Amino acid sequence: MTHELLLLRHAKSDWAVDMDDFSRPLKKRGRRAAKQVGRWLREQHLIPDTILSSPATRALATAQRVCRQLDIDESAIVCDPCIYEANALTLLTVLKTSCHGRRALLVGHNPGLEDLLLKLIPHSVPLSANGKCLSTAALAQLTFKGDWTELTEGCAKLVTLIRPDSLPE
């Protein structure tokens, strides 16, 4: 059976506020971008069975805005503290142990999320203008054969990589 993994980097956060990293909120641009990504997911009929998010304010707010666009109750979001500041190996473990159903959405942070993407696919990823694979609010759609416990390095195929600047507002 083929499964889908949606990797979403949190949307643009507001560095102008005097808060610790964990509590930083989304900027207006970030709130708009999260909504755009959610709308794109709805239009593509990519409704996740599992939604995992870092509990950091900017990541959770991104997940919540995406859920609103998908008409999914925000209570469906599973906040896992292991996702915040996680490396690729930790994220892989979270996915293997927490995902159910055919499609999962993981909302997290760089560099761990980008490192996970690069480990899962056996080829290179197109970079954004700032030289990153996953700029803020970028979404990678991957597929792989097998179940969640079989998610391993090089097993996935990148279906699409979208960035908010390529989506209509």
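Everything here concerns the structure above.
Residues numbered from 1 in each chain as written. Predicted model: local features only at pLDDT ≥ 70, side-chain atom pairs only at ≥ 80, totals over all residues. Heavy atoms only, no water.

Participant: In this structure, what is going on with the overall build of the protein chain? I would like to understand it.
Facilitator: Scanning the protein chain from N- to C-terminus turns up 4 helices and 6 strands. When the helices and strands of the protein chain are listed from N to C terminus, the series reads β-α-β-α-β-α-β-α-β-β. For 169 residues, the compact-globule formula gives about 15 Å, and the C-alpha radius of gyration of the protein chain, at 15 Å, lands near that figure. Across its three principal axes, the protein chain shows a C-alpha extent of roughly 45 × 30 × 30 Å. Here the protein chain holds 169 residues, and 53% of them are scored as buried. A fraction of 74% describes how many contacts in the protein chain between residues 6 or more apart in sequence connect residues 24 or more apart. A total of about 8000 Å² of accessible surface is found on the protein chain, and carbon and sulfur atoms cover 51% of it. Charged side chains in the protein chain number 22 positive and 19 negative. The centres of these two groups are separated by 6 Å. (Helix = DSSP H or I, 4+ residues; strand = E, 2+ residues; numbered from the N terminus. Rg over C-alpha atoms; globule rule 2.2 N^0.38 Å. Buried < 20%, exposed > 50% of the residue type's maximum accessible area, 1.4 Å probe, protein only. Contact = heavy atoms within 4.5 Å. Areas by Shrake-Rupley, 256 points an atom, 1.4 Å probe, with all protein chains shown as cover. Lys, Arg positive; Asp, Glu negative; His and termini not counted. Charge placed at Lys NZ, Arg CZ, Asp CG, Glu CD.)

Participant: Which parts of the structure should I look at to understand the packing of helix 3 (residues 88–98) against helix 4 (residues 112–120)?
Facilitator: Each packed pair of helices is defined by two parameters, the angle between the axes and the distance between the axes. Remark: helix 3 packs on helix 4, axes separated minimally by 8 Å, with the N-to-C direction vectors making an angle of 75°. Between helix 3 and helix 4, the crossing angle belongs to the class labelled roughly perpendicular. On the side of helix 3, the interface is formed by Ala-88, Leu-91, Leu-92 and Leu-95, while helix 4 contributes Gly-112, Leu-113, Asp-115, Leu-116, Lys-119 and Leu-120. Across the contact of helix 3 with helix 4, the residue classes break down as 7 nonpolar, 1 polar and 2 charged. (Axes fitted to C-alpha atoms, helices over the stretch in contact; angles between N-to-C directions. Parallel < 35°, antiparallel > 145°, perpendicular 65-115°, else oblique. Nonpolar A, V, L, I, M, F, W, Y, C, P; charged D, E, K, R; others polar.)

Participant: Teacher, can you tell me more about the environment of Gln-44 here?
Facilitator: If you trace the backbone, Gln-44 turns up in the loop between helix 1 (28–43) and strand 2 (50–53). For Gln-44, a relative accessible area of 41% gives the class partly exposed. In this structure, the C-alpha to C-alpha distance between Gln-44 and Leu-117, residues 73 residues apart in sequence, is 21 Å.

Participant: For this particular structure, what's the right way to read the nonpolar core?
Facilitator: A general feature of soluble globular proteins is that nonpolar side chains tend to end up buried together. Counting residues in each nonpolar core, the largest one holds 30 residues, and the members touching the most others are Leu-5, Leu-7, Leu-106, Leu-116, Leu-117 and Leu-142. For this core, the secondary structure elements donating two or more residues are strand 1 (2–9), helix 3, strand 4 (103–108), helix 4, strand 5 (139–145) and strand 6 (157–162). Ranked by residues supplied to this core, first place goes to helix 3 with 5 residues. Each residue touching Leu-116, except ones within four places of it in the same chain, is listed here: Leu-7, Ala-88, Leu-91, Leu-92, Leu-95 and Leu-106. Grouped together as the second largest cluster of nonpolar side chains are 19 residues, Leu-41, Leu-46, Cys-67 and Ile-77 included. (Core = buried A, V, L, I, M, F, W, Y, C linked by side-chain atoms within 4.5 Å.)

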